[in-house]
Amino acid sequence: MDSLIHAVLIIEQMLTTGGGWQDNVGGLLPGFKIGRSQASLPLKVESEKLELSEKTVDEMTKRLVCFYSGRTRLAKNLLQNVVRNWYARFSQITNNARNLVSNAEEAAKALKEGNIEKFGACWTCYRHQKSLMAPGSEPKGIKDLMEALKPLSYGQAMAGAGGGGFIFVLTKEPNMVDEVKAVIKAMKPSDESVAFYDVSVDWEGLTVRVEEPSQ
């Protein structure tokens, strides 16, 4: 898995799409985890599996809501601007990068302690940090929608680099999908492009299965 995480990262650079290794760690490895890398080359990504109690896992699963915002997104242009701002060494960007790291560690600590509310706060903090890192990654329509959902949630964020796509909400009470749908319908009554999906934690990670060809 370590080799695959790094191989995907290399291919993304060759395709000029940019991106980091967070999606590789998140998509390939099972369960809850945190990824880290030192500020040095050659880049080496290390991941740590977070050990959570059954109660915390159950509480998280019942509170996760995932829906498609109805807006497509493309990360490439956003990521190019992030890299340019980083190379320019703007203090706002470099400070924010350090805060992203510390917030990730706080989120991992909250999960280990079973503090769902604190984890939600870290999630929302991450959302704002990402908006600061990539201005324009949160369109007004998406921002208004997420602000409307704030009373129902401990935390919320867009998946990926932003601009639309999928939104995840960590609700204050279990099984609040209907309440979330009601808020969205009140804001966008005729928008049929918003779609909800069942969501759960992947406990297997990437698996490869070879099947016999069908006759």
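Because the structure is a prediction, the values reported are computed rather than measured.

Tell me what's going on with the sheet that holds strand β3 (residues 64–68), and back it up with residues and numbers.
A sheet is described by the order of its strands in space; here four strands give the open sequence β4-β5-β3-β6, paired in antiparallel fashion. Of all the strands in the sheet, just β4 (153–158) and β6 (195–197) have a single pairing partner and so form its edges. Mean inter-strand twist for the sheet, computed between neighbouring axes without regard to direction, equals 25°. In terms of strand pairing, β3 meets strand β5 (residues 166–171) through five bridges, oriented antiparallel. Within β5, the residue paired with Phe-67 across the bridge is Ile-167. Contacting β3, β4 and β5, helix α3 (residues 54–63) crosses the sheet at an angle of about 30° to β3.

Before we move on, could you go through the nonpolar core and cite the residues and values that matter?
Phe-32, Leu-50, Met-60, Leu-111, Phe-119 and Leu-170 are the most contacted members of the largest nonpolar core, which has 18 residues in total. Mapped onto this core, the elements with two or more residues apiece are α3, α5 (91–113) and α6 (116–133). When neighbours within four sequence positions are excluded, Leu-111 is seen to be in contact with Phe-32, Leu-50, Leu-52, Thr-56, Met-60 and Phe-119. Val-65, Leu-149, Ile-167 and Val-180 belong to the second-largest nonpolar core, a separate cluster that totals 15 residues.

Tell me what's going on with the packing of α5 against α6, and back it up with residues and numbers.
Direction vectors running N to C along α5 and α6 enclose 160°, while the axes themselves pass 9 Å from each other. Here α6 runs roughly antiparallel to α5, going by the angle between their axes. The interaxial crossing formed by α5 with α6 has left-handed handedness. Across the interface between the two elements, Gln-92, Ile-93, Asn-96, Ala-97, Asn-99, Leu-100, Asn-103, Glu-106, Ala-107, Ala-110 and Leu-111 of α5 pack against Lys-118, Phe-119, Cys-122, Cys-125, Tyr-126, Gln-129, Leu-132 and Met-133 of α6. The residue makeup of the contact of α5 with α6, split by class, is 12 nonpolar, five polar and two charged.

Here is what the cut-offs are and how they apply
Residues numbered from 1 in each chain as written. Predicted model: local features only at pLDDT ≥ 70, side-chain atom pairs only at ≥ 80, totals over all residues. Heavy atoms only, no water. Pairing = 2+ DSSP bridges. Helix = DSSP H or I, 4+ residues; strand = E, 2+ residues; numbered from the N terminus. Axes fitted to C-alpha atoms, helices over the stretch in contact; angles between N-to-C directions. Contact = heavy atoms within 4.5 Å. Core = buried A, V, L, I, M, F, W, Y, C linked by side-chain atoms within 4.5 Å. Buried < 20%, exposed > 50% of the residue type's maximum accessible area, 1.4 Å probe, protein only. Parallel < 35°, antiparallel > 145°, perpendicular 65-115°, else oblique. Left-handed = near helix turned anticlockwise from the far one by under 90°. Nonpolar A, V, L, I, M, F, W, Y, C, P; charged D, E, K, R; others polar.

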